[in-house]
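# Secondary and tertiary structure notes
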Amino acid sequence: MAEETIFTKIINGEIPADKIYEDDLCIAINDIAPRAPVHVLVIPKKPIPRLVDASEEDQAILGHLMLAAGEVARQQGVGDAFRLVVNNGADAGQTVFHLHLHIIGGTSFSEASLAGE
Ligand code: 5GP
């Protein structure tokens, strides 16, 4: 079994986090090292390591994460302009191997930044 990640510990209340949303399937927390005025992580309670590790049975969870992200973005006042980022794999910048969506908002976006630096 995969080792417990920091996000599982946050979900279980073992370590503190700035939680701004929770429902049956996911939580949303402010990123500890925000890269924009709004930088929130939407994290499924199920510890799926990477997006590519999700399967058919996770379809409802994946859809739910998108809906929750929209709701949280609205709550944070960036519902009209935000980006959702999923880093899949270490070479793509993933550092915590528990699937999460980054909501990035409150900043101006350039098309070029989509493809990294
Ligand atoms: P990744 O690079 O895996 O896509 O994103 C992991 C994110 O989790 C990073 O943006 C990092 O700042 C954030 N992070 C790592 N540890 C913690 C923590 O203990 N608390 C919170 N709130 N965010 C964390």
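Going by the structure above, here's the rest.
Below or above, wherever it landed, is the structure these notes cover. (Residues numbered from 1 in each chain as written. Predicted model: local features only at pLDDT ≥ 70, side-chain atom pairs only at ≥ 80, totals over all residues. Heavy atoms only, no water.)

Before going further, it helps to examine the sheet that holds strand S3 (residues 38–44). Pairing is antiparallel across the open sheet formed by 5 strands, whose spatial order is S1-S2-S3-S5-S4. With one partner strand each, in any of the chains shown, strand S1 (19–22) and strand S4 (82–85) form the two edges of the open sheet. Across the sheet, the axes of successive neighbouring strands diverge by a mean angle of 20 degrees, strand direction being ignored. By the bridge criterion, 5 bridges tie S3 to strand S5 (residues 101–105) in an arrangement that is antiparallel. Bridging across to S5, valine 42 finds its partner in leucine 101. Against the sheet, helix H2 (residues 59–75) contacts S1, strand S2 (26–30), S3, S4 and S5, and its axis sits at roughly 155 degrees relative to S3. (Pairing = 2+ DSSP bridges. Helix = DSSP H or I, 4+ residues; strand = E, 2+ residues; numbered from the N terminus. Axes fitted to C-alpha atoms, helices over the stretch in contact; angles between N-to-C directions. Contact = heavy atoms within 4.5 Å.)

Okay, the nonpolar core next. Within the largest apolar cluster, 17 residues are counted, with the highest numbers of intra-cluster contacts made by Val42, Leu65 and Ile103. Those elements that place two or more of their residues in this core are S2, S3, H2 and S5. The element contributing the most residues to this core is H2, with 6 residues. Ignoring anything within four residues of it in the chain, the contact list for leucine 65 reads Cys26, Val42, Ile43, Pro44, Leu99 and Leu101. (Core = buried A, V, L, I, M, F, W, Y, C linked by side-chain atoms within 4.5 Å. Buried < 20%, exposed > 50% of the residue type's maximum accessible area, 1.4 Å probe, protein only.)

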